[in-house]
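In case you want the letters, here they are:
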Amino acid sequence: MSFPINQTIVDFLMLSRKEVQLLIFLKSNPHAQISDIAKNSGIPRMTIYSSLKTLKKRGLVHYEVKGKRKLWHIVSPKLLQEILVNLVKNLS
């Protein structure tokens, strides 16, 4: 699955195109396992691992452990907005 992404926005947020694709996918598919993300997003599995690690460090995604599975999702929209506002402030 491919998503149209505005390169100016990607550059502004300092995210890779794959990271943005991953955020869009997780917004539409909360609580997804990495296998589900790879199968349905078209993003290579190794890219998913590295992108999720980066996005988690930035506080944009997190996961819940259910049994032996990690279920990934974006942070709440309100928290995501606060993170992006702070990012914009830091850039100016």
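Above this note sits the structure.
A brief structural summary.

Here we take up the side chain of His-73. With respect to the helices, strands and loops of the structure, His-73 is situated in strand E2 (residues 69–74). Accessibility expressed as a relative area gives 9% for His-73, which makes it buried. Of note is the side chain of His-73, whose polar atom sits 3.2 Å from the side chain of Glu-64. Contacts of His-73, omitting those with residues within four sequence positions, involve Leu-26, Pro-30, His-31, Val-61, His-62, Tyr-63 and Glu-64.

Along the chain, the position of Ser-51 falls in helix H4 (residues 45–57). Setting aside chain neighbours within four positions, we find Ser-51 in contact with Lys-18, Glu-19 and Leu-22.

Turning our eyes to something else, we now look at the environment of Gly-59. One can find Gly-59 in the loop between H4 and strand E1 (61–66). A relative accessible area of 23% places Gly-59 in the partly exposed class. Apart from residues no more than four positions distant in its own chain, Gly-59 is found in contact with Val-75 and Ile-83.

Taken together, the buried positions of helix H3 (residues 34–41) are occupied by Ile-34, Ile-37, Ala-38 and Ser-41. Taken end-on, H3 shows its buried residues confined to a sector of 95 degrees, consistent with a single buried face. Elements that come into contact with the buried residues of H3 comprise helix H2 (17–28), H4 and E2. Phi turns positive one or two residues past the end of H3, at Gly-42, with a value near 80 degrees.

Conventions we followed
Residues numbered from 1 in each chain as written. Predicted model: local features only at pLDDT ≥ 70, side-chain atom pairs only at ≥ 80, totals over all residues. Heavy atoms only, no water. Helix = DSSP H or I, 4+ residues; strand = E, 2+ residues; numbered from the N terminus. Buried < 20%, exposed > 50% of the residue type's maximum accessible area, 1.4 Å probe, protein only. Polar contact = N/O pair within 3.5 Å; in protein donor to acceptor, adjacent residues only side chain to side chain. Contact = heavy atoms within 4.5 Å. Arc of directions from axis to C-beta.

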